Amino acid sequence: ATFARIDAAVASLPALRRVVAEALADFAADGVVHLELRTTPKALPACAAAANTSAEDYVRAVADEVAAFLALPSPPGRRGALSSVKLLLSIDRARGVEHFASVADLVLRLASEAAADPASPLRVLAGVDFSGDPSRGLGVGIGDGGAFAAARPHLDAVRAA
């Protein structure tokens, strides 16, 4: 229920950018120095202000906000200001192999772009993690070569990158 409310509130790139910027400011205000953000890339529906956005647009918006935040000067007299932020893209187990493959392919494509440009905001990408109910989707049959076996080549490609 919590994630459904968040998804409803973050229905556009401007809303996503605002939430990311506010979250970073909150972590900095709490004295956090190193932060890993996790998010599941998703397309955002069209709204009156904008057309549909892709999962890639979503990731780029998050990375841009992180880079913009890290470029701000640290407040004077503040020890331990937020100075390191990494972004992990979550793969929702319940959404199956197609979702797994699309996120893994997105990570590989964006990581390659970031490696080619030292100034790229995408350099905050640190990898992937798994989210969601482990008893559904890819979580089912891990030991017996179930759905996870079909996703394994994509995971191996991300690990090798």
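Refer to the preceding data block for the structure.
Residues numbered from 1 in each chain as written. Predicted model: local features only at pLDDT ≥ 70, side-chain atom pairs only at ≥ 80, totals over all residues. Heavy atoms only, no water.

Chemist: What am I meant to see in the overall build of the chain here?
Modeler: A tally of regular secondary structure across the chain gives five helices and three strands. Looking at the chain as a whole, 34% of its 161 residues qualify as buried. Residue pairs in contact within the chain that sit at least 24 positions apart in sequence constitute 71% of those at least 6 positions apart. For the chain, the accessible surface area stands at approximately 9,000 Å², while carbon and sulfur atoms represent 57% of it. (Helix = DSSP H or I, 4+ residues; strand = E, 2+ residues; numbered from the N terminus. Buried < 20%, exposed > 50% of the residue type's maximum accessible area, 1.4 Å probe, protein only. Contact = heavy atoms within 4.5 Å. Areas by Shrake-Rupley, 256 points an atom, 1.4 Å probe, with all protein chains shown as cover.)

Chemist: Would you take a moment to explain the pairing of strand 1 (residues 34-39) for this structure?
Modeler: Two faces, one strand: in a regular strand the side chains alternate between the faces of the sheet. Residues L35, L37 and T39 point to one face of strand 1 and are all buried, whereas H34, E36 and R38, pointing to the other face, are not buried. Across six bridges, strand 1 lies against strand 2 (residues 84-92) in parallel orientation. Looking across to strand 2, one finds that L35 is bridged to V85. (Pairing = 2+ DSSP bridges.)

Chemist: How do you make sense of the nonpolar core when you look at a structure like this?
Modeler: A general tendency of soluble globular proteins is for nonpolar side chains to be buried together. Ranked by size, the top nonpolar core spans 33 residues in total, and within it L16, L24, V59, V66 and L87 carry the most contacts. The set of elements that each furnish at least two residues to this core consists of helix 2 (13-29), strand 1, helix 3 (55-71), strand 2, helix 4 (96-116) and helix 5 (147-160). Not counting residues within four places of it along the chain, the set of residues in contact with V66 comprises V20, L24, L37, V85 and V124. (Core = buried A, V, L, I, M, F, W, Y, C linked by side-chain atoms within 4.5 Å.)

Chemist: So what exactly am I meant to see when it comes to the pairing of strand 2 here?
Modeler: Burial runs high along strand 2: seven of the nine residues are buried. Pairing of strand 2 with strand 3 (residues 125-131), which is carried by six bridges, proceeds in the parallel orientation. Within strand 3, the position partnered with I91 by the bridge is F130. Regarding the hand of the β-α-β motif, the stretch spanning strand 2, helix 4 and strand 3 is right-handed. (Right-handed = clockwise from strand over helix to strand, strands pointing away.)

Chemist: Can you walk me through the sheet that holds strand 2 in this structure?
Modeler: Within a sheet, each strand pairs with its neighbour through backbone hydrogen bonds, oriented either parallel or antiparallel. Within the open sheet, the three strands sit side by side as 1-2-3. Their pairing is parallel. Where the open sheet ends on each side, the last strands, each with one partner, are strand 1 and strand 3. Strand-to-strand twist across the sheet, computed as the mean angle between neighbouring axes with direction ignored, equals 30 degrees. Docked against the sheet, helix 3 engages strand 1, strand 2 and strand 3, running at close to 165 degrees with respect to strand 2. (Axes fitted to C-alpha atoms, helices over the stretch in contact; angles between N-to-C directions.)

Chemist: Just checking my understanding: could you explain the packing of aromatic side chains for this structure?
Modeler: How two aromatic rings sit relative to each other is set out by the distance from centre to centre and by the angle between their planes. For the structure shown, the criterion picks out one aromatic pair. Ring centres 5.7 Å apart and planes at 35 degrees place the aromatic pair F100 and F130 in the tilted group. Of this pair, F100 sits in helix 4 while F130 sits in strand 3, placing them 30 residues apart in sequence. Judged by its relative accessible area of 0%, F100 is buried. In this structure F130 comes out as partly exposed when scored by relative accessible area, which is 31%. (Phe/Tyr/Trp six-rings, centres within 6.5 Å; stacked < 30°, edge-to-face > 60°.)

Chemist: Explain helix 3 here, please?
Modeler: An α-helix turns once every 3.6 residues. As a result, residues three or four positions apart point the same way. Relative to the 24 Å expected for 17 residues at 1.5 Å per residue, helix 3 spans 24 Å between its end C-alpha atoms, a close match to the ideal helical length. Listed as buried for helix 3 are Y58, V59, A61, V62, A63, E65, V66 and F69. Where the residues of helix 3 are buried, they touch helix 2, strand 1, strand 2, helix 4 and strand 3. (Expected span 1.5 Å × (residues − 1).)

Chemist: Can you walk me through the environment of A111 in this structure?
Modeler: Inspection of the secondary structure assignment puts A111 in helix 4. In this structure, the C-alpha to C-alpha distance between A111 and V124, residues 13 residues apart in sequence, is 9.3 Å.

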